[in-house]
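Notes for the structure review
The lines below spell out each chain.
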Amino acid sequence: MSHPTGSTVEPIQQDRDPRCKRILFRCWHRGMKEMDLLLGGFANAEIDHLSEEELLELEHLLTAPDQDLYAWMTGRKPLPAEWDGPLYRRIIAYHDVAGPAGFAK
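Keep in mind it's a predicted model, so treat the numbers as computed, not measured. (Residues numbered from 1 in each chain as written. Predicted model: local features only at pLDDT ≥ 70, side-chain atom pairs only at ≥ 80, totals over all residues. Heavy atoms only, no water.)

Moving on to helix α2 (residues 33-46). Taking 1.5 Å as the rise per residue, α2 with 14 residues should run 20 Å; its terminal C-alpha atoms sit 19 Å apart, in good agreement. Across the 14 residues of α2, 10 count as buried, placing the element largely inside the fold. Regarding α2, the residues found buried are Met35, Asp36, Leu38, Leu39, Gly40, Gly41, Phe42, Ala43, Asn44 and Glu46. Looking at the buried positions of α2, the neighbouring elements they touch are α1 (18-28), α4 (66-73) and α5 (86-98). (Helix = DSSP H or I, 4+ residues; strand = E, 2+ residues; numbered from the N terminus. Expected span 1.5 Å × (residues − 1). Buried < 20%, exposed > 50% of the residue type's maximum accessible area, 1.4 Å probe, protein only. Contact = heavy atoms within 4.5 Å.)

The relation between two aromatic rings is expressed through the spacing of the ring centres and the mutual angle of the planes. According to the stated counting rule, one finds 2 aromatic pairs in the structure shown. Between Phe42 and Tyr94, the ring centres sit 5.5 Å apart and the planes meet at 80 degrees, which makes this aromatic pair edge-to-face. Linking Phe42 in helix α2 with Tyr94 in helix α5, this pair joins segments that are 52 residues apart in sequence. Residues Phe42 and Tyr94 agree in their burial class; the two are buried. Centroid distance Trp72 to Trp83: 5.5 Å. Interplanar angle 35 degrees. Geometry classified as tilted. Remark: Trp83 occurs in the loop between α4 and α5 and Trp72 occurs in helix α4; sequence separation between them is 11 residues. By relative accessible area, which is 10% here, Trp72 ends up buried. Using a relative accessible area of 11% as the deciding quantity, one classes Trp83 as buried. (Phe/Tyr/Trp six-rings, centres within 6.5 Å; stacked < 30°, edge-to-face > 60°.)

Next up on the list: the side chain of Asn44. Here Asn44 shows up in helix α2. Among the polar contacts made by the side chain of Asn44, one reaches the side chain of Trp28 at a distance of 3.0 Å. (Polar contact = N/O pair within 3.5 Å; in protein donor to acceptor, adjacent residues only side chain to side chain.)

Turning to its location among the elements, His60 is positioned in helix α3 (residues 52-61). Accessibility expressed as a relative area gives 31% for His60, which makes it partly exposed. Taking C-alpha positions, His60 is 8.1 Å from Trp83, a pair spaced 23 residues apart along the chain. Among all residues touching His60, those that are not within four sequence positions of it are Glu82 and Trp83.

Keep in mind that these numbers describe shape and distance, not what the molecule does.
Quick look at the structure:
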């Protein structure tokens, strides 16, 4: 399957670890397009470079309701301590540089 140039959705690599494939799929299929772009854009760029600890944190973030996660990521609501971690801050920093869909500004 091919994707248009500049598409935010990458084909899932056949040789990628099944766990990473599931996480990537879940990042792109949140139910809220804004969260697809925020988590999917980051995951496309970084999934293959995440440590075990970071994968666990990402899996934890994926359990948060979209509306809450979006409000935290956009600064509309304060982030509860339970959800604050190094990977969360890395996702925010990634989008500060790359933009909301993971493209360079």
